[in-house]
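Listed here are the chains, written in short residue letters.
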Amino acid sequence: MNLPWSDIDTVLLDMDGTLLDLHFDNHFWLEHLPQRYAEHHGISRALADAELQPLFTEHAGQLNWYCTDFWSRELKLSIKDLKREVADLIALRPDADTFLAAIRQAGKQVVMITNAHRDSLSLKMERIELAPYFDRMISSHDYGFPKEDQQFWAALQQDLTFEPARSLFIDDNLPILRSAGRFGVKHLLAVYEPDSRKGVKDTEEFAAVGDYRELLQGL
């Protein structure tokens, strides 16, 4: 894939499903947490799923959905501690570090923008040392708006002073990519296989990255 690298000054990168395998998060929310919730409340796994699913649906795409403090209060469980129990599943997507090293070497401004709460970000950076590749690592919780919201992008521009028309943004979440596009971010890429256990996904109107090495042509 030939990206117009001479027209790109800033590279904005999501974390979960983009740089890291989404399997950890899917396993945590769909398997580990419901199991622990069932055990904690002395109910069946089926009943736990029935109680949790409407809550997940209600808060999807909002800042609360990504907030470990919110879910710890809501479910009366320490989400941070439960995530540590399965932290060995946290894994880098193939060649994501090669890509990061190359764009850093090329002098691009490299910024992580994630909806993950700072607790989750810290845990993941303990396991996979990506921090040195970034100029900044920004959680949407810093601004009080998720990436789905235009107010996130306005806050980001004020904070970073980046030029949307000269920026590349890679994310596995299509509504978030659309939000970035509405704000004027010109170069947008989705991710073909955010979760290594779930196969390729339909990225609809977006071109997508399968192999990070492909993006380095012409850098």
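The shown structure was predicted, so the numbers you read here are calculated from the model rather than taken from an experiment.

### A closer look at the domain arrangement of the protein chain
(1) Moving on: What the domain assignment reports for the protein chain is domain 1 (5-21 + 90-216) and domain 2 (24-88).
(2) Moving on: For domain 1 and domain 2, the distance between their C-alpha centroids amounts to 25 Å.
(3) Moving on: The interface is formed by 22 residues belonging to domain 1 together with 17 residues belonging to domain 2.
(4) Moving on: Interface of domain 1 and domain 2: buried area, both sides summed, is about 1,600 Å²; carbon and sulfur atoms make up 50% of it.

### Considering the pattern of salt bridges
(1) Moving on: Under the defined criterion, the tally for this structure stands at 17 salt bridges.
(2) Moving on: Of the charged contacts in the structure, one is a salt bridge between Asp159 and Arg136, with a shortest N-O distance of 2.8 Å. Of this pair, Asp159 sits in helix α7 (residues 150-160) while Arg136 sits in strand β3 (residues 136-139), placing them 23 residues apart in sequence.
(3) Moving on: When salt bridges with common partners are traced through the structure, they connect Asp14, Lys147 and Asp171 into a single cluster.

### Here's the deal with the pairing of strand β2 (residues 109-114)
(1) Moving on: With 5 of its 6 residues buried, β2 lies for the most part within the structure.
(2) Moving on: Relative to β2, strand β1 (residues 10-13) runs parallel, the two being bridged by 4 bridges. Residue pairing across strands places Leu13 opposite Met112, the latter belonging to β2.
(3) Moving on: Pairing between β2 and β3: 4 bridges, direction parallel. Across the sheet, residue Val111 finds its bridge partner in β3, namely Arg136.
(4) Moving on: With helix α6 (residues 118-127) bridging β2 and its parallel neighbour β3, the resulting β-α-β unit is right-handed.

### Examining the sheet that holds β2
Two orientations exist for strands paired in a sheet by backbone hydrogen bonds: parallel and antiparallel.
(1) Moving on: In space, the 6 strands of this open sheet follow the order β3-β2-β1-β4-β5-β6, with parallel pairing throughout. Edge positions in the open sheet fall to β3 and β6 (208-209), since each of these has one partner strand only.
(2) Moving on: Pairing analysis gives 2 bridges linking strand β5 (residues 187-191) to β6, with the strands arranged parallel. In the strand pairing of β6, Val191 is matched with Val209.
(3) Moving on: Across the sheet, helix α5 (residues 96-105) is in contact with β1, β2 and β4 (167-170); its angle to β1 comes to roughly 155°.
(4) Moving on: Set on the sheet, helix α8 (residues 174-183) makes contact with β4 and β5; between it and β5 the angle comes to about 180°.

### Overview of α6
(1) Moving on: All buried positions along α6 are accounted for by Ser120, Leu121, Leu123, Lys124 and Met125.
(2) Moving on: In this structure, the buried residues of α6 make contact with α1 (23-41), α3 (68-75), α4 (79-85), β2 and β3.

### Overview of the packing of α7 against α8
(1) Moving on: Following both chains from N to C, one finds α7 and α8 inclined at 55°, their axes separated by 9 Å at the closest point. With respect to each other, α7 and α8 are oriented oblique. Handedness of the crossing formed by α7 with α8: right-handed. Contacts between α7 and α8 pair Gln150, Trp153, Ala154 and Gln157 from the former with Ile176, Ser179, Ala180, Arg182 and Phe183 from the latter.

### Topic: α7
(1) Moving on: Within the span of α7, buried status applies to Phe152, Trp153, Ala155, Leu156 and Leu160. Looking straight down α7, one finds that the buried residues subtend no more than 160° of arc, so they occupy a single side.
(2) Moving on: The secondary structure elements touched by the buried residues of α7 are β1, β2, β3, β4 and α8.
(3) Moving on: Where α7 starts, the residue carrying a side-chain oxygen 2.7 Å from the main-chain nitrogen of Gln151 turns out to be Asp149.

### Some remarks on the nonpolar core
(1) Moving on: Leu13, Leu19, Leu33, Phe134 and Ile170 are the most contacted members of the largest nonpolar core, which totals 49 residues.
(2) Moving on: A total of 6 residues in this core trace back to one element, the largest contributor, which is α1.
(3) Moving on: Two domains share this core, each providing at least three of its residues, namely domain 1 (5-21 + 90-216) and domain 2 (24-88).
(4) Moving on: Discounting residues that sit within four places of it in the chain, Leu33 has contacts with Phe28, Phe56, Leu75, Leu77, Ile79 and Leu82.
(5) Moving on: In terms of nonpolar packing, the next biggest core, distinct from the first, is built from 22 residues, Tyr66, Val111, Tyr143 and Phe152 among them.

Here is what the cut-offs are and how they apply
- Residues numbered from 1 in each chain as written.
- Predicted model: local features only at pLDDT ≥ 70, side-chain atom pairs only at ≥ 80, totals over all residues.
- Heavy atoms only, no water.
- Domains from an automatic or database assignment.
- Contact = heavy atoms within 4.5 Å.
- Buried area = accessible area lost by both parts, 1.4 Å probe.
- Salt bridge = Lys/Arg side-chain N within 4 Å of Asp/Glu carboxyl O.
- Helix = DSSP H or I, 4+ residues; strand = E, 2+ residues; numbered from the N terminus.
- Buried < 20%, exposed > 50% of the residue type's maximum accessible area, 1.4 Å probe, protein only.
- Pairing = 2+ DSSP bridges.
- Right-handed = clockwise from strand over helix to strand, strands pointing away.
- Axes fitted to C-alpha atoms, helices over the stretch in contact; angles between N-to-C directions.
- Parallel < 35°, antiparallel > 145°, perpendicular 65-115°, else oblique.
- Left-handed = near helix turned anticlockwise from the far one by under 90°.
- Arc of directions from axis to C-beta.
- Polar contact = N/O pair within 3.5 Å; in protein donor to acceptor, adjacent residues only side chain to side chain.
- Core = buried A, V, L, I, M, F, W, Y, C linked by side-chain atoms within 4.5 Å.

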